Amino acid sequence: MAAPDYILEKIKDKKIIILGFGKEGISTYKFIRKYFPKMPLTVADRSKALKTDDLNDKHLKVIKGEKYDQNLNDYDLIFKTPGISFNTVNYWIDTERITSQTNLFLEAFQKQVVGVTGTKGKSTTSSLIYHLLHEAGRDTILAGNIGVPFFDIIEKMTEETIVVAELSAHQLEFITRSPDYAVLLNIYQEHLDHFNSFNNYQIAKLNITRYQDDRQFLVYNGDDEHIPALIKSYHLNRDRVIFGTVPHDGPYACVRENVIHFAISGHLEDEFDLTYYRNLPGRHNYFNIMAAMAVCRRLGLQHDEILSGLQSFKGLPNRIEYVGKFEGINFYNDSISTIPEATIAAVKALRKVDTLILGGFDRGIDYSMQSEFLHENPVANIAFTGPAGKRMMDEWGAKYPLPESHIFETDFKKIVDFAFEKTDANRIVLLSPAAASYDQFKNFEERGRVFCQLVKDKNQ
């Protein structure tokens, strides 16, 4: 499929700035240059080390450094890449000028998009929906926050293609169109450094369904503390499936023990027995599975197609990922855990955690619920790290006795040494930090890779 006229008309003859020149920014630049090779174009990025000389583009202006985000109202279109925050901007920006790949892609292709968002679980759920559709022979592409820019897939699409889009709050913040199929998994405190308040973050997440009409389809978590109230307050009466642990009026999915039931107002439609399914452990993954099943059933997949695809699906790296058994100890990498709710879910899922690694970059998240949970469900050994780990340790110690076996350490090699020394045989060491990684690492993937490699190196 060629780039649709709609997107090209939006770009044509506009004065454009690409704000942020990482993976998506480069993708936007290449897309524009393919169709408008001589259009004057500006790229702006905070990094002073940004290198664009190899582009050999005489029609390109480059702005870099701390003042990269000044004078944005001079442009007709501001292509904001997801990681860019306007927190440091000290002037009013006309939000009608702000756009993104996500926004233009949804405006052009919303009928073909399954959008998935949530503080936690969106990568797993998006990947599972894609896998189920692909295994059932559907023409489908996985894109978005999972690492594939939307403009990169347009030429691979046909009119039959279903695009499964993992969508972060950053991508949803300024959209004006919602996908035809929307999944809202959960909302916890996260990215408060970007959104300034939890309320702003919740509103950004809600945008995945906010611009839907009644013919479009919404799947959401009825057990979540915030989502049902948000849906009600915005009067979002959608064609929908509510999933969770209790029945609801209208269509719902409900998990009881290991069986997922789909019903309408108490009348059973279908059920899936997952008693012997082990690829996605934990109650939180049952929620991800229910959301994925709801979408795939809506798209016409049959019972046996869904179960078959589920059996062949493998979990993603850094998400309660089994590293291996070394010196009789089982190691798990859950580096993607950047909030306490995720850490609590991982401990509940694995059950035999003997050593837990907590901490990282401190974004001011409330850790009181985590301290209470670990006080009531003790883990024998705790390694705290980074500024967030220091605050966790101090706040925990001020309210409850700390585990007798605990350390504060910033050197991950020493943390792994501590884990090998203290963990009992046939028990579990779990990296599930409940904090961001960028005090020491580029991202959670790097943190997970370092942890896994240190564990394996210890046994060489």
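Heads up: the structure comes first, above all this text.
Presented here is an overview of the structure given in this document. (Residues numbered from 1 in each chain as written. Predicted model: local features only at pLDDT ≥ 70, side-chain atom pairs only at ≥ 80, totals over all residues. Heavy atoms only, no water.)

**Let's talk about the packing of aromatic side chains**
One pass over the structure, following the stated rule, counts 18 aromatic pairs. Ring centres of phenylalanine 21 and tyrosine 29 lie 6.0 Å apart, and the angle between their planes is 80°; on these two criteria the pair is classed as edge-to-face. What makes phenylalanine 21 buried here is its relative accessible area of 8%. By relative accessible area, tyrosine 29 is classed as buried at 7%. Pairing phenylalanine 384 with tryptophan 396 gives two aromatic rings, centres 5.9 Å apart and planes at 85°, and the pair type is edge-to-face. In this pair, phenylalanine 384 is assigned in strand S18 (residues 381–385) and tryptophan 396 in helix H13 (residues 386–399), connecting sequence segments 12 residues apart. The pair formed by phenylalanine 384 and tryptophan 396 is uniform in burial state, with each residue classed as buried. A network of ring pairs unites the aromatic residues Phe31, Tyr35, Phe79 and Phe151 as a single cluster. The side chain of lysine 15 reaches across the aromatic face of tyrosine 75, ending 5.1 Å from its centre. Over the ring of phenylalanine 262 we find arginine 297, and its NZ or CZ is 4.4 Å from the ring centre. (Phe/Tyr/Trp six-rings, centres within 6.5 Å; stacked < 30°, edge-to-face > 60°. Buried < 20%, exposed > 50% of the residue type's maximum accessible area, 1.4 Å probe, protein only. Helix = DSSP H or I, 4+ residues; strand = E, 2+ residues; numbered from the N terminus. Lys NZ or Arg CZ within 6 Å of the ring centre and 35° of its normal.)

**A word on helix H2 (residues 23–35)**
The α-helix advances 3.6 residues per turn, and as a result positions three or four apart in sequence lie on the same side. Helix length check: H2 (13 residues) gives 19 Å between terminal C-alpha atoms against 18 Å at 1.5 Å per residue, within 8%. Turning to H2, its buried residues are Glu24, Gly25, Ser27, Thr28, Tyr29, Phe31, Ile32 and Arg33. (Expected span 1.5 Å × (residues − 1).)

**Section: the sheet that holds strand S9 (residues 181–184)**
With mixed pairing, nine strands are arranged side by side in an open sheet as S7-S8-S6-S9-S10-S11-S12-S13-S14. At either end of the open sheet lies a strand with only one pairing partner, and these are strand S7 (140–144) and strand S14 (267–273). Averaged over all neighbouring strand pairs, the angle between strand axes comes to 15°, with direction disregarded. In this structure, strand S10 (residues 217–221) lies alongside strand S11 (residues 239–244), joined through five bridges in parallel fashion. Looking at S11, one finds that tyrosine 220 is bridged to isoleucine 242. (Pairing = 2+ DSSP bridges. Axes fitted to C-alpha atoms, helices over the stretch in contact; angles between N-to-C directions.)

**Concerning the sheet that holds strand S17 (residues 353–359)**
Strands sit in the order S15-S16-S20-S17-S18-S19 across an open sheet of six strands; the sheet is mixed. Edge positions in the open sheet fall to strand S15 (321–326) and strand S19 (405–408), since each of these has one partner strand only. Each strand axis lies, on average, 15° off the axis of its neighbour in the sheet, ignoring direction. The pairing of S15 with strand S16 (residues 329–333) spans five bridges and is classified as antiparallel. Bridged to phenylalanine 326 within S16 is isoleucine 329.

**Description of the pattern of salt bridges**
A pair can form between side chains of opposite charge whenever their charged atoms are brought close. For the coordinates displayed, the defined rule picks out 16 salt bridges. Ionic pairing is found between aspartate 214 and arginine 238, a salt bridge with its closest N-O pair at 4.0 Å. Taken together, the residues span a long stretch of sequence, with aspartate 214 in the loop between helix H7 (198–210) and S10 and arginine 238 in the loop between helix H8 (227–233) and S11 at a distance of 24 residues. Overall, the relative accessible area of 56% leaves aspartate 214 in the exposed class. Across the pair lysine 390 and aspartate 394 runs a salt bridge, and its minimum N-O distance is 2.8 Å. (Salt bridge = Lys/Arg side-chain N within 4 Å of Asp/Glu carboxyl O.)

**A closer look at the packing of helix H4 (residues 122–135) against helix H10 (residues 303–312)**
Packing of H4 against H10 brings their axes to within 9 Å, and their N-to-C directions diverge by 120°. Of the possible angle classes, the one that applies to H4 and H10 is oblique. Both H4 and H10 take part in a crossing whose hand is right-handed. Where H4 approaches H10, its residues Leu128, His131, Leu132 and Glu135 are matched on the opposing element by Ile306, Gly309, Leu310 and Ser312. (Parallel < 35°, antiparallel > 145°, perpendicular 65-115°, else oblique. Left-handed = near helix turned anticlockwise from the far one by under 90°. Contact = heavy atoms within 4.5 Å.)

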